[in-house]
Amino acid sequence: MFSCDQILFIATGGTIDKQVVGDTLDFTQSSVRNMLKQARFQVPYEVDIIMLIDSLNMDDRHRCKILDVCKRAKERRIVITHGTDTMVETAHSLSLNKESLSNKTICLTGAMLPFVFNHSDALFNLGMASAAVQTLPCGVYIVLNGAIFMANNVKKNKAAGRFEEIKGELK
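Residues numbered from 1 in each chain as written. Predicted model: local features only at pLDDT ≥ 70, side-chain atom pairs only at ≥ 80, totals over all residues. Heavy atoms only, no water.

**Student:** Can you walk me through the overall build of the chain in this structure?
**Tutor:** Helix and strand counts for the chain stand at four helices and 10 strands. The order of α-helices and β-strands along the chain, N terminus first, is β-β-β-α-β-α-β-α-β-α-β-β-β-β. Compactness check: the chain gives a C-alpha radius of gyration of 15 Å against a globular reference of 16 Å for 171 residues, within 12% of the reference. Viewed in the frame of its principal axes, the chain has a C-alpha envelope of about 45 × 35 × 30 Å. In the chain, once contacts between residues fewer than 6 apart in sequence are set aside, the share between residues at least 24 apart is 65%. Total accessible area computed for the chain in this model is approximately 8700 Å², and 50% of it derives from carbon and sulfur atoms. Each charge sign in the chain was given a centre, from 20 positive and 18 negative side chains, and these centres are 4 Å apart. (Helix = DSSP H or I, 4+ residues; strand = E, 2+ residues; numbered from the N terminus. Rg over C-alpha atoms; globule rule 2.2 N^0.38 Å. Contact = heavy atoms within 4.5 Å. Areas by Shrake-Rupley, 256 points an atom, 1.4 Å probe, with all protein chains shown as cover. Lys, Arg positive; Asp, Glu negative; His and termini not counted. Charge placed at Lys NZ, Arg CZ, Asp CG, Glu CD.)

**Student:** Looking at this model, I keep getting lost on the pairing of strand E9 (residues 154–157). Mind explaining?
**Tutor:** Side chains on a regular strand alternate between the two faces of the sheet. Sheet topology note: the E9/strand E10 (residues 162–165) ladder contains four bridges and is antiparallel. Among the inter-strand pairings, Lys156 is bridged to a residue of E10, identified as Phe163. (Pairing = 2+ DSSP bridges.)

**Student:** Help me out: how do you make sense of helix H4 (residues 122–135) in this one?
**Tutor:** In an α-helix there are 3.6 residues to a turn, and that puts residues three or four apart on one side. The first and last C-alpha atoms of H4 sit 20 Å apart over 14 residues, in line with the 20 Å expected at 1.5 Å per residue. Among the structural elements, strand E1 (7–13), helix H1 (32–38), strand E5 (77–81), strand E6 (105–109), strand E7 (139–144) and strand E8 (147–150) are those in contact with the buried residues of H4. (Expected span 1.5 Å × (residues − 1).)

**Student:** Teacher, can you tell me more about the pattern of salt bridges here?
**Tutor:** Between side chains of opposite charge, pairing is possible as soon as their charged atoms come close. Scanning all chains against the criterion turns up eight salt bridges. Across the pair Arg76 and Asp5 runs a salt bridge, and its minimum N-O distance is 2.5 Å. Note that Arg76 is positioned in the loop between helix H2 (60–72) and E5 and Asp5 in the segment before E1, a separation of 71 residues in sequence. Notably, a salt bridge pairs Arg162 with Glu164, separated by 3.1 Å at the nearest N-O pair. (Salt bridge = Lys/Arg side-chain N within 4 Å of Asp/Glu carboxyl O.)

**Student:** Looking at this model, I keep getting lost on the side chain of Ser31. Mind explaining?
**Tutor:** The residue Ser31 is located in the loop between strand E3 (24–26) and H1 in this model. Residue contacts for Ser31: discarding those within four places in its chain leaves Ile16, Asp17, Gln19 and Phe115.

**Student:** Hey, could you run me through a nonpolar patch on the surface in this one?
**Tutor:** A cluster of nonpolar side chains, namely Val20, Leu25, Leu113, Val116 and Phe117, defines an oily patch on the protein surface of about 380 Å² accessible area. Turning to its location among the elements, Phe117 is positioned in the loop between E6 and H4. (Patch = residues over 30% accessible without salt bridge, like charges linked within 9 Å, V, L, I, M, F, W, Y side chains within 5 Å.)

**Student:** Explanation requested: the sheet that holds E6 in the structure shown.
**Tutor:** Strand pairing in a sheet takes place through backbone hydrogen bonds and is either antiparallel or parallel in direction. Spatially, E4-E1-E5-E6-E7-E8 is the arrangement adopted by the six strands of the open sheet, whose pairing is mixed. Two strands in the sheet have a free side with no partner beyond their single neighbour: strand E4 (45–53) and E8. Sheet twist, expressed as the mean angle between neighbouring strand axes with direction ignored, is 20°. As paired strands, E6 and E7 are joined by four bridges and run parallel to one another. Across the sheet, residue Thr105 finds its bridge partner in E7, namely Gly139. Each of E1, E4, E5 and E6 touches H2; the most contacted strand, E4, lies at about 170° to it. The strands that H4 touches are E1, E5, E6, E7 and E8; relative to E5, the one it contacts most, it runs at about 155°. (Axes fitted to C-alpha atoms, helices over the stretch in contact; angles between N-to-C directions.)

**Student:** Sorry if this is basic, but what is going on with the side chain of His62 here?
**Tutor:** Positionally, His62 belongs in helix H2. If near-sequence neighbours (up to four positions away) are discounted, His62 is found in contact with Met51, Ile53 and Asn57.

Pasting the structure below:
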């Protein structure tokens, strides 16, 4: 194992945490703890549920709250679960704060289908982000569907339903 440092998981909402409520998808709780339990996660961790919102409803106020939690965290390794629609904006916002986050590795992840659905990519993405945050150098990354992107080199291709590099994918 590369690192046994404690990991902070910050839940912010997004599709990964949506639950079936009647005939709709909505937020009732975060699935992060259930995913870590199902995965038999062995690294020490804490989970901080700071909001449960659709990322389309996220604004600069919410991003400031995420930044503040990251700054104040004693952990140097942080995984943020986030909606995919504005994940790039949040990652970019965090990456602009290099000075205050210089000793931290932060990986944002989410899912195209909620964890509670069969065939969801949620557990795979959380697992990959958990491994990536332990091995990548300090910085801000987006980790989804088997790919790792630097925060300032990624865009979401909504038509294709995936994230893509802008300049060069981190290999």
